[in-house]
Each structure stands twice: as C-alpha cells, then as structure tokens.
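Here is what each chain is made of, one letter per residue.
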Amino acid sequence: MNPKICIVGSANIDQIAYVEKTPADGETVFGNSYQMGFGGKGANQAVMAGILGAEVYMVCCLGSDVYKDMTIENFKKNNVKTDYIQTVKGSSGVAPIWVDSSGQNRIIVIPGANDLINTEQTLNSLEAIGKIDVLVGQFEIPMNVTELVFEYAFNKGVQTILNPAPANKPTKKLLQSTSWFIPNEIEFEEIFGAPFNEENLFNFSGEIDSKIIVTLGEKGCAFINNGKVEILGTKHVTAIDTTGAGDAFVGAFSYALGLNLSIVESLQLALEKATDSVTRKGTQSSYKN
Ligand code: RIB
C-alpha cells in the first residue's frame, strides 16, 4: 500500500538567477542564466513524495494570479492531490533565488497567499482526507496553523514531521505534537542557541520529546540511534544547484516513514534523493524518482 501523506505548507514560484559570484552591496553583475519553476518548501516536499509514489494531499493557499493554475497543474503532473488547495485574492508566494557557481543559494520568500491560509478550512481538510500515515509541516505559513493541525493529527496517532524552515523557534505546544524534528545546521543553531555539533545535538535531543535529525548538506545527516549520535554520510557529487535539496530530503523521508522502513533505511533514501537533486538545476525540476 502506498503511504498516505498530507503536507500543510507553502507553494511558491521560484525565480532563479544563476551567477558566477553573487553581487556585493551596491554592485551589479551579469548572470549566466535564469529559470522560473515551481517551489515553496511545502510544495517541494509534496512533489518529492508524490514522485516516489506516495498518495499525497497538498493543503496550501494560492493567490488569484496566473501562478495559481500553473501550480495546480504542476501538482497534478507530479501525483499530488489538489482537492484541498485554498485560494485568496492577491498574489501567490514567490521566491527570487540566487545560485552561485558552487551551487549555493540565497533565497528571499515573499509569502503572499501563503500567509492567508485559513485555519478552519485546513482543519476541515484534514478531517475530510481521513486517516493518513504522515503529516508534514514547515515554517512558510503562519505557525499557529501548523500548531493546530499538528495537534489534531498527533492526537490521532499520526506521525508528524516538522521542518523548521526558514529558521524559527517552534512553540512548546508545536514541539509537543511533533514526532520528527528536522532542522538543518543553520536552523539548529537558531533554535537551540548553540552551533551544531554532536555534543550539542545529544544535549538538545534530551530536552524535547521529538526525535531530531539534523541535515548537514554534503556531510549527510546526524541523528540519535540507540542513545548515541550517529552521522550518516552521503555520496560525493558535484553540486550544480542545492536549492530544494533539504525539501527533497524531508519529502523522501516522509515517504519512507509511511512505508514503515527503518530509520536508517529512511535516512538513506532521503539522503540519496537530496544528493541526487543537487546535480541538476532548479528546485522541483531537479527531483527524480
Ligand atoms: O527550500 C527551497 C525553497 O525555499 C524554494 O523552493 C523557495 O520557494 C523557498 O520556499
């Protein structure tokens, strides 16, 4: 049976400029190329899980612009169900992105409709979707919405995954209904107030009930296994564009978790998909099964 996954989160249109070196203050530089594509941390995670074969339900909010229909069409193409997408008057979310020659990115998110997702409608959608295996959330929609849907699902025994991106401190209430907490190193430091290292991960993991996985980019990921910190490495590749790699990780991990794979197997799949995605340009356009 395919795992049934619900993502409550953002959808954006990514506007990516590829440049040798990103401009300094007051500087103008020429870029090498430009591409527009589908993004948003929630949407990316949904598409990754959809490509892998999960039954994915996307709950997000789009604007009344041309991006709305394009985004819905794109979800359908990628095996993501769109029945619970909300729309409001105004602009959909957009994200101007700079990617330099090492594949590193800098992202600005302009949330638009993402900020206007309706709490009651979202809870009704979860009710209508029915029994799910995994619920996934991030921080590109208002946190109180994520808090309420996590509480609702967690109390029903659903595994919940919180990806605290862009970096923000989750409320105590939200963490209490989080089964898996997946920050990257930057988010780890922002949330726990100390840089990522094995000792800090071990100490902080004792402070919360959720299981923590820290994504480490080309170094793989760190997690706690049998009471000890373990680092799982990943294949070395030449990075072309790292945009959305963390989302590929979370989307693939949610799929694996829904399949009841072991933690190590789930992380291996997540790392494989994230690592593969950095070898191609674009966000969702870099995801492959
Ligand atoms: O994680 C990458 C994503 O961050 C991009 O798709 C962009 O839209 C922002 O949400």
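Residues numbered from 1 in each chain as written. Predicted model: local features only at pLDDT ≥ 70, side-chain atom pairs only at ≥ 80, totals over all residues. Heavy atoms only, no water.

A. Layout of the side chain of Asn12. Structurally, Asn12 can be placed in strand 2 (residues 12-18). On the basis of relative accessibility, which here comes to 3%, the residue Asn12 falls in the buried class. There is a polar contact of 2.9 Å between the side chain of Asn12 and the side chain of Asn114. With residues up to four places along the chain from it excluded, the contact list for Asn12 reads Gly37, Phe38, Gly39, Gly40, Gly93, Val94, Ala95, Val109, Asn114 and Glu140. (Helix = DSSP H or I, 4+ residues; strand = E, 2+ residues; numbered from the N terminus. Buried < 20%, exposed > 50% of the residue type's maximum accessible area, 1.4 Å probe, protein only. Polar contact = N/O pair within 3.5 Å; in protein donor to acceptor, adjacent residues only side chain to side chain. Contact = heavy atoms within 4.5 Å.)

B. Looking closely at the site of the ligand. As a matter of local geometry, the ligand sits amid 13 residues, with Asp14, Gly40, Lys41, Glu140 and Asp247 nearest to it. Note that an oxygen atom of the ligand is positioned 2.5 Å from one of the side-chain N or O atoms of Asp14. With respect to the ligand, the backbone of Gly40 contributes an N or O atom lying 3.0 Å from an oxygen atom. Starting from 280 Å² of accessible surface for the ligand in isolation, the protein chains cover 96%. (Near = heavy atom within 4 Å. Areas by Shrake-Rupley, 256 points an atom, 1.4 Å probe, with all protein chains shown as cover.)

C. The arrangement of the packing of aromatic side chains in detail. Following the criterion strictly, the structure yields eight aromatic pairs and no others. On the numbers, 5.2 Å between centres and 75° between planes, the contact of Trp180 with Phe253 is edge-to-face. Pair noted here: Trp180 is in strand 12 (residues 180-181) and Phe253 is in helix 8 (residues 245-258), with a separation of 73 residues, a long-range link. According to the relative accessible area criterion, Trp180 is buried, its value standing at 8%. When the centroid spacing of 5.7 Å and the interplanar angle of 65° are considered together, the rings of Phe188 and Phe204 count as edge-to-face. You can see Phe188 sitting in helix 6 (residues 185-192) and its partner Phe204 sitting in helix 7 (residues 198-205), a full 16 residues away along the chain. Across the pair, exposure class does not vary: Phe188 and Phe204 are buried alike. The aromatic ring of Tyr57 is capped on one face by Lys81, whose charged end is 6.0 Å from the ring centroid. Sitting over the face of the ring of Tyr18, Lys281 holds its NZ or CZ atom 4.4 Å from the ring centroid. (Phe/Tyr/Trp six-rings, centres within 6.5 Å; stacked < 30°, edge-to-face > 60°. Lys NZ or Arg CZ within 6 Å of the ring centre and 35° of its normal.)

D. Seen up close, the pairing of strand 10 (residues 134-137). A two-sided burial pattern is seen for strand 10, the buried positions comprising Val134 and Val136 on one face and Leu135 and Gly137 on the other. Where strand 1 (residues 4-8) and strand 10 come together, four bridges link them in parallel fashion. Paired with Ile7 across the bridge in strand 10 is Val136. In this sheet, strand 11 (residues 159-162) lies alongside strand 10 in parallel orientation, the contact comprising four bridges. (Pairing = 2+ DSSP bridges.)

E. Just the sheet that holds strand 9 (residues 105-107), in detail. With mixed pairing, four strands are arranged side by side in an open sheet as 3-2-8-9. The sheet is open, and its two edges are formed by strand 3 (33-39) and strand 9, each paired on a single side. For this sheet the average axis-to-axis angle between neighbouring strands, irrespective of direction, equals 25°. One ladder, built from three bridges, connects strand 8 (residues 93-99) with strand 9; its direction is antiparallel. (Axes fitted to C-alpha atoms, helices over the stretch in contact; angles between N-to-C directions.)

F. Quick peek at the nonpolar core. If you look at the biggest cluster of nonpolar residues, it comprises 41 residues, and the most contacted ones within it are Ile5, Phe75, Ile161, Ile213, Phe249, Phe253 and Leu267. Listing elements by their share of this core, those giving two or more residues are strand 1, helix 1 (41-52), strand 4 (55-59), strand 10, strand 14 (221-225), helix 8 and helix 9 (263-277). Of all the elements, helix 8 adds the most residues to this core, at eight residues. The contact partners of Leu267, leaving out residues within four places of it in the chain, are Ile213, Cys221, Phe223, Leu232, Phe249 and Phe253. Of all hydrophobic cores here, the second largest spans 36 residues; its members include Tyr57, Ala153, Val158 and Ile212. (Core = buried A, V, L, I, M, F, W, Y, C linked by side-chain atoms within 4.5 Å.)

G. Up close: the packing of helix 3 (residues 119-129) against helix 4 (residues 143-154). Relative orientation of the contacting elements helix 3 and helix 4 amounts to 25°, with a least axis distance of 10 Å. In terms of axis orientation, helix 3 runs roughly parallel to helix 4. Read as a crossing pair, helix 3 and helix 4 show a hand that is right-handed. Two secondary-structure elements touch here, helix 3 through Thr119, Thr122, Leu123, Leu126 and Glu127 and helix 4 through Asn144, Val145, Leu148, Val149 and Tyr152. (Parallel < 35°, antiparallel > 145°, perpendicular 65-115°, else oblique. Left-handed = near helix turned anticlockwise from the far one by under 90°.)

H. Representation of the side chain of Ser210. By the element assignment, Ser210 lies in the loop between helix 7 and strand 13 (211-215). Ser210 sits in the buried class, given a relative accessible area of 3%. At 3.3 Å, the side chain of Ser210 and the backbone oxygen of Leu175 are in polar contact. Within the local environment of Ser210, its side chain forms a polar contact with the backbone oxygen of Thr178, the two atoms lying 3.0 Å apart.

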